[in-house]
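Letter by letter, the chains look like this.
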Amino acid sequence: SIYFSFDASGFRRHARGFEPHDLDVDMAGKRCLVTGANSGIGFATAEALARRGAEVWLLCRNAERGRAAETALRERTGNPSVRLEVLDVSSLEAVRAWVRGCPAGSIDVLVHNAGVLPHERRLTVDSLETTFATHVAGPFLLTQLLRERLEAAPRARVIWVSSGGMYTQRLSLDDLDWSRRTYEGVVAYAQTKRAQVVLSEELAKRWGEGVVFHAMHPGWADTLAVQATLPGFWRFTQGRLRTPAEGADTVTWLAVAEAPGGSTGSFWFDRQERSTYLLPRTRERQVDRVALWDRCEQVIAERTEASQ
């Protein structure tokens, strides 16, 4: 069942099949970027990469929380190559400005982990619904702007941290800004997490073999974000949730292990490739996939023109 698969007992059961040496990888000399790295799964992912010697950039919206994470990770891992980069991925102009100003050099791993789950409809400075901007438009733009640097690395990896909640939703481009619907934060979250999976597959197809793209979902992890945004769910599942490190295990595996580097465009859960559909009604048409890509490009082009 989903309940006994997504929870901590599911992770322990699935972990019995893990290859024990998959994560015994020296990441020295590798540059890894993790968005939303100040807590939860992002922090656990950054820690795992730093422990393996990688240069880890924490792309965080909040400077104070980001600095605290930077300090904690340096102390816990002994790795001085952990650095904070302040970036709000929901702002398209902030993404452009950060890419223009960030140090040159190739990028080996990009983890799209930053997430939000507002309970009320909010618009960003670009007049985009916040969940769509944070999970879809911003990461899409960041990936595109970093393409040259990703392609400069040998088989760089881009990893999208989706959610099991996306299984409940079909890709929907109708009313992306929620101006005609009563806002439902959980539905908006799940729909954008579905969109992330589709974008990962489309990027893999359109970019070819030079860069590896994978998406995954972490199961149910006990993070501050879950406690704050889904208190009822957290109380119901308390004591059964995965630790952030368990939720981040597959992210780390996708970033460092040899096996996932040999393919691209897949969806993973607990180091196993999984279907992206549990219900027939959630399967999108090819025309919808193309429309998502076109919509992302349109949004970025419109906001770029407006800012000039």
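Refer to the structure presented above.
If you're wondering where the values come from, they're calculated on a predicted model, not measured in any experiment. Within every chain, residues take consecutive numbers counted from 1 along the sequence as written. Only residues with pLDDT of at least 70 get local features here, since the model is predicted, and only at 80 or more are side-chain atom pairs given and counted; chain-wide, interface and lining totals rely on the full set of residues. Water and hydrogen atoms were dropped before computing side-chain values, which therefore reflect all heavy atoms in the structure.

A. Main features of the nonpolar core. In terms of nonpolar packing, the biggest core is built from 49 residues, with L33, W98, L142, L146, L150, L199 and F213 touching the most fellow members. Among the secondary structure elements, those contributing two or more residues to this core are strand 2 (55–60), helix 5 (92–101), helix 6 (130–145), strand 5 (157–161), helix 8 (185–207), strand 6 (212–216), strand 7 (266–269) and helix 12 (286–307). Residue contacts for L150: discarding those within four places in its chain leaves I107, L110, T143, A156, V158, W207 and V211. Counting residues in each nonpolar core, the second largest holds 33 residues, with C32, L58, L73 and W253 among its members. Residues grouped as a nonpolar core are buried Ala, Val, Leu, Ile, Met, Phe, Trp, Tyr and Cys residues, joined through side-chain atoms within 4.5 Å. Think of it in three bands: with a 1.4 Å probe and only protein chains considered, a residue is buried below 20% of the maximum accessible area for its type, exposed above 50%, and partly exposed in between. By the criteria applied, helices consist of DSSP H or I runs no shorter than four residues and strands consist of E runs no shorter than two, each listed in order from the N terminus. In this description, contact between two residues means that some pair of their heavy atoms is separated by no more than 4.5 Å.

B. Inspection of the state of the cysteines at higher detail. Pairs of cysteine sulfur atoms within 2.5 Å are identified as disulfides in what follows. Summed over all chains, the structure comprises 0 disulfides. Unpaired in this structure, C32 has its nearest cysteine sulfur neighbour in C102, at a distance of 15 Å. For C32, a relative accessible area of 0% translates into the label buried.

C. A look at a nonpolar patch on the surface. A cluster of nonpolar side chains, namely I2, L278 and L279, defines an oily patch on the protein surface of about 250 Å² accessible area. Summarising the element assignment, L279 is placed in the loop between strand 8 (272–273) and helix 12. A relative accessible area of 37% means that L279 is categorised as partly exposed. Here a patch means residues that are over 30% exposed by relative accessible area and free of salt bridges, tied together within 9 Å if like-charged and within 5 Å if nonpolar (Val, Leu, Ile, Met, Phe, Trp, Tyr). Each accessible area is a Shrake-Rupley estimate made with a 1.4 Å probe; only the visible protein chains count as cover when residues are assessed. Just to be clear on terms, a salt bridge is a Lys or Arg side-chain nitrogen sitting within 4 Å of an Asp or Glu carboxyl oxygen.

D. Representation of the packing of helix 5 against helix 6. Direction vectors running N to C along helix 5 and helix 6 enclose 25°, while the axes themselves pass 9 Å from each other. What the angle tells us is that helix 5 and helix 6 run roughly parallel. Relative to helix 6, helix 5 is oriented so that their crossing is right-handed. On helix 6, the residues touching L92, V95, R96, W98 and V99 of helix 5 are A137, G138, L141, L142 and L145. To get an axis, a line is fitted to the C-alpha atoms, and for a helix only the part in contact is used. The angle between two axes follows their N-to-C directions and goes from 0 to 180 degrees. When an angle is under 35 degrees it counts as roughly parallel; over 145 it counts as roughly antiparallel; between 65 and 115 it counts as roughly perpendicular; any other value is oblique. Here a crossing is called left-handed whenever its near helix is offset anticlockwise from the far helix by less than a right angle, and right-handed whenever the offset is clockwise.

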